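Given next are the chains, with one letter for each unit.
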Amino acid sequence: MNTGYDLIVIGAGPGGYVGAIRAAQLGMKVLLIEKEKTMGGTCLNAGCIPSKALLTSSALFQQIQQEASDHGIVCAPPSIDIPAMISRKNRVVSSLTRGIASLLKGNKVDIIQGSAKVNTPGIVRVGSEEYHSDSILIATGSRPAELPFLPFDHTSVVDSTDALTFSEVPERLLIVGAGVIGLELGSVWSRLGACVQIIESMTEILTGWDRDIAKTVQKSLEKQGIEFHCRVRILEGQTNDSGVLLKAEAADGKFRDFQGDKVLVAAGRKAAWDGIDTKSLGIETENGHITVSERYETSAAGIYAVGDCIAGPMLAHKASEEAAACVEMLAGKYGKVNYSLIPGALYTKPEAAMVGKTEEQCRAEGIEYTKGVFRFSANGRAIVSGSAEGMVKVLTRKKDDTVLGVHIAGEHASELIHEAAVLMEFGGSAEDLALTIHAHPSLSEAVKEAAMAAWERPIHAL
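How each quantity is defined
- Residues numbered from 1 in each chain as written.
- Predicted model: local features only at pLDDT ≥ 70, side-chain atom pairs only at ≥ 80, totals over all residues.
- Heavy atoms only, no water.
- Helix = DSSP H or I, 4+ residues; strand = E, 2+ residues; numbered from the N terminus.
- Rg over C-alpha atoms; globule rule 2.2 N^0.38 Å.
- Buried < 20%, exposed > 50% of the residue type's maximum accessible area, 1.4 Å probe, protein only.
- Contact = heavy atoms within 4.5 Å.
- Lys, Arg positive; Asp, Glu negative; His and termini not counted.
- Charge placed at Lys NZ, Arg CZ, Asp CG, Glu CD.
- Phe/Tyr/Trp six-rings, centres within 6.5 Å; stacked < 30°, edge-to-face > 60°.
- Lys NZ or Arg CZ within 6 Å of the ring centre and 35° of its normal.
- Salt bridge = Lys/Arg side-chain N within 4 Å of Asp/Glu carboxyl O.
- Disulfide = S-S within 2.5 Å.
- Expected span 1.5 Å × (residues − 1).
- Pairing = 2+ DSSP bridges.
- Axes fitted to C-alpha atoms, helices over the stretch in contact; angles between N-to-C directions.
- Arc of directions from axis to C-beta.
- Parallel < 35°, antiparallel > 145°, perpendicular 65-115°, else oblique.
- Left-handed = near helix turned anticlockwise from the far one by under 90°.
- Nonpolar A, V, L, I, M, F, W, Y, C, P; charged D, E, K, R; others polar.

Participant: Help me understand the overall build of the protein in this model?
Facilitator: Helix and strand content of the protein: 13 helices and 25 strands. Here the protein has a C-alpha radius of gyration of 24 Å; the compact-globule value for 462 residues is 23 Å, and the two agree. Overall size of the protein, expressed as C-alpha extent along the three principal axes, is 70 × 60 × 50 Å. Here the protein, with 462 residues, has 51% of them falling under the buried criterion. Summarising the internal contacts of the protein: among those between residues at least 6 apart in sequence, 62% fall at separations of at least 24. The distance from the centre of the 45 positive side-chain charges to the centre of the 56 negative ones in the protein is 1 Å.

In structure tokens, the structure reads:
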């Protein structure tokens, strides 16, 4: 048996590798076990990074195609080389996975490639080898959820990983699910020429997001050619010579068919803890997630879990923060994750981002609030950039002006949201944000103006 480890981490995704590095920085001897050959987990290898690489490439193609002439740039109509685009994506991923491996090595984290199995407290098995530690951190992530009547064949019925590796643009792409993954991958292939239809069982897209932001995004994507079918429930799927036929029922009781070359099922993800024998270990689970304490300890002493394995939004940055907090508490330090201020981001065009409460949440909780809105159509930098659609919405508590939530649809929303997150972390007010000097011209001025609208009134809008 291999002994002497202060912590064994299972999974090298954003939770696992961050937890391993932070633990090593705090003086622990750490072993990291990863079943795949590369570091980074789903986020880096088949999620956040490769999808953003393709979004960037497809956005550039769309921009050249639609906007170059408006800038006085004359060029031949662009064409698409999908293998080259996929190759660039792979190079980006490879560079970052090597970088993480170097960080782990530089922090003296031991790494083993293999599938971990745990059925006894304190012991992790990889093949015929056993490794011992009083502390084990489960960071094994999640996988795409499969619909029982529409199983993945990874050819016609595909998951999000498959949709990052198409060898050619599908003529007709059906997407089940209008969440972040469905909208982003739909945008990629729509920009490159696919006829994309997104089917959603809920009333509106982007469940849980601010309704005005969701409507802004949907309206823009519809202009770009994506079709949305909300309040439509898929009943069954059948593969045929033309691809896949989906039989569905709309909210009005009418039945209809959807035919596509491929169907991307983007109806959520499910926690994955293969190799962790929760029953033998006595680890409690609820609603498909491992139950943990405030210290991220499971019901089995000495076994901890973070990230997609436990409840909460399945976001890479949430997993990283949980892992860091967990190992800091293990080291006797203070660790805390502020779950009320986890930003969310959508990388379509326009981008969208959010932090804090929505109007719907404020109303449901009986919070009296004030709303300030400023549109990018009145922002100089947005107009110059040709990206003047969208808006910033700031919500404040009416009695004391404390910022409760900020919601953005517009260019670089995923970057702009963080000045709001920092402000809210310190309990700042709309007045604080309104009186903070912002450079001109900048997109961030729209955030300031929205705060001014919530506080008193903006300068550049009536």
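The structure having been displayed, the exposition proceeds.
Participant: Explanation requested: the packing of aromatic side chains in the structure shown.
Facilitator: For any pair of aromatic rings, geometry is given as the distance between the ring centres together with the angle between the planes. Enumeration according to the criterion identifies one aromatic pair in this entry. Arranged with centres 5.1 Å apart and planes meeting at 45 degrees, the rings of Phe 166 and Trp 189 form a pair that is tilted. Of this pair, Phe 166 sits in the loop between strand 9 (157-158) and strand 10 (172-176) while Trp 189 sits in helix 5 (residues 180-191), and the two are 23 residues apart along the sequence. Note on Trp 189: relative accessible area 1%, which makes it buried. Above the face of the Tyr 5 ring, Lys 29 is positioned so that its terminal group lies 5.0 Å from the ring centre.

Participant: Would you mind showing me how to read the pattern of salt bridges here?
Facilitator: For side chains bearing opposite charge, pairing can occur when the charged atoms are close. Scanning the entire structure with this criterion turns up 18 salt bridges. For Lys 357, the salt bridge goes to Glu 365, with nearest N and O atoms at 2.9 Å. Judged by its relative accessible area of 25%, Lys 357 falls in the partly exposed class. In this structure, Lys 371 and Glu 359 form a salt bridge, with 3.4 Å as the shortest nitrogen-oxygen distance.

Participant: Could you clarify how one ought to interpret the state of the cysteines in this entry?
Facilitator: One covalent bond between the sulfur atoms of two cysteine residues makes up a disulfide. Under the counting rule described, the total for this entry stands at zero disulfides. With no disulfide of its own, Cys 195 lies 16 Å from the sulfur of Cys 230, the closest cysteine sulfur.

Participant: Teacher, can you tell me more about helix 5 here?
Facilitator: Over its 12 residues, helix 5 runs 16 Å from end to end, which matches the ideal 16 Å to within 8%, given 1.5 Å per residue. Burial runs high along helix 5: 10 of the 12 residues are buried. Taken residue by residue, helix 5 has Gly 182, Leu 183, Glu 184, Leu 185, Gly 186, Ser 187, Val 188, Trp 189, Ser 190 and Arg 191 as its buried positions. The positive-phi residue at the C-terminal boundary of helix 5 is Gly 193, with phi of around 120 degrees.

Participant: I tried to follow the pairing of strand 4 (residues 116-120) on my own but got confused; where do I start?
Facilitator: Both faces of the sheet carry side chains from a regular strand, because those side chains alternate between them. Where strand 4 meets strand 5 (residues 123-126), three bridges bridge the pair, whose relative direction is antiparallel. What sits directly across from Lys 117, in strand 5, is Arg 125. Hairpin geometry of strand 4 and strand 5 is characterised by an intervening segment of two residues between the two adjacent antiparallel strands and by a positive phi of about 85 degrees at Gly 122.

Participant: What is the right way to look at the sheet that holds strand 13 (residues 232-240) in this model?
Facilitator: Pairing between the strands of a sheet is mediated by backbone hydrogen bonds and can be parallel or antiparallel. Spatially, the three strands line up as an open sheet ordered 13-14-15, and their pairing is antiparallel. Of all the strands in the sheet, the pair left with one neighbour each is strand 13 and strand 15 (255-260). Each strand axis lies, on average, 25 degrees off the axis of its neighbour in the sheet, ignoring direction. Bridge count between strand 13 and strand 14 (residues 243-250): eight bridges; the pairing is antiparallel.

Participant: Got a minute to help me understand helix 11 (residues 413-425) in this structure?
Facilitator: Side chains that are three or four residues apart share a direction in an α-helix, a result of its 3.6 residues per turn. The terminal C-alpha atoms of helix 11 lie 18 Å apart, and with 13 residues this matches the ideal 18 Å at 1.5 Å per residue to within 8%. Residues of helix 11 that are buried: Ala 413, Ser 414, Leu 416, Ile 417, Ala 420, Ala 421, Leu 423 and Met 424. Within helix 11, the buried residues cover an arc of 160 degrees as seen down the axis, which keeps them to one side. Taken together, the buried residues of helix 11 touch strand 21 (344-346), strand 22 (352-356), strand 25 (403-409), helix 12 (430-434) and helix 13 (445-455). Positive phi shows up at Gly 427, right after helix 11, with a value of about 70 degrees.

Participant: Just to check I follow, could you spell out the sheet that holds strand 1 (residues 7-10) for this structure?
Facilitator: With parallel pairing, five strands are arranged side by side in an open sheet as 3-2-1-7-20. Either end of the sheet is taken by a strand with one partner, and the two such strands are strand 3 (110-113) and strand 20 (303-305). Taken pair by pair, the neighbouring strands of this sheet meet at an average axis angle of 20 degrees, ignoring direction. Sheet topology note: the strand 1/strand 2 (residues 30-34) ladder contains four bridges and is parallel. Bridged to Leu 7 within strand 2 is Val 30. Packing against the sheet, helix 1 (residues 14-25) makes contact with strand 1 and strand 2, and its axis sits at approximately 170 degrees to strand 2.

Participant: Teacher, can you tell me more about the packing of helix 3 (residues 48-67) against helix 5 here?
Facilitator: Two quantities define a packed helix pair, namely the angle between the helix axes and the distance between the axes. At their nearest, the axes of helix 3 and helix 5 sit 9 Å apart, and the two run at 40 degrees to each other. Judged by the angle between their axes, helix 3 and helix 5 are oblique. When the axes of helix 3 and helix 5 are compared, the crossing they make is left-handed. Only Glu 184, Leu 185, Ser 187, Val 188 and Arg 191 of helix 5 make contact with helix 3, whose side of the interface consists of Ser 51, Lys 52, Leu 54, Leu 55, Ser 58, Ala 59, Phe 61, Gln 62 and Gln 65. Considered class by class, the residues forming the contact of helix 3 with helix 5 number six nonpolar, five polar and three charged.

Participant: How do you make sense of the environment of Gly 72 when you look at a structure like this?
Facilitator: Here Gly 72 is to be found in the loop between helix 3 and helix 4 (82-106). Assessed through its relative accessible area of 60%, Gly 72 is described here as exposed. C-alpha separation for the pair Gly 72 and Met 202, spaced 130 residues apart in sequence, amounts to 43 Å.

Participant: Any chance you could explain the side chain of Ser 387 here in plain terms?
Facilitator: Structurally, Ser 387 is set in the loop between helix 10 (380-385) and strand 24 (391-397). Excluding residues that lie within four positions of it along the chain, Ser 387 makes contacts with Lys 349, Phe 376, Ala 382 and Glu 411.

Participant: It is not clear to me how unusual backbone geometry should be interpreted in this structure. Could you clarify?
Facilitator: Glycine aside, residues mostly have negative phi, and peptide bonds are mostly found in the trans state. Following Lys 349, the chain continues to Pro 350 via a peptide bond in cis, the omega torsion being 5 degrees. With respect to the secondary-structure elements, Pro 350 resides in the loop between strand 21 and strand 22. With an omega of -5 degrees, the peptide bond running from His 440 to Pro 441 counts as cis. For Pro 441, the location among the structural elements is in the loop between helix 12 and helix 13. If you check the backbone angles, Leu 206 has positive phi at about 55 degrees while not being a glycine. Backbone geometry at Asn 287 places phi at a positive 55 degrees, although glycine is not the residue there. Given the relative accessible area of 72%, Asn 287 is considered exposed.

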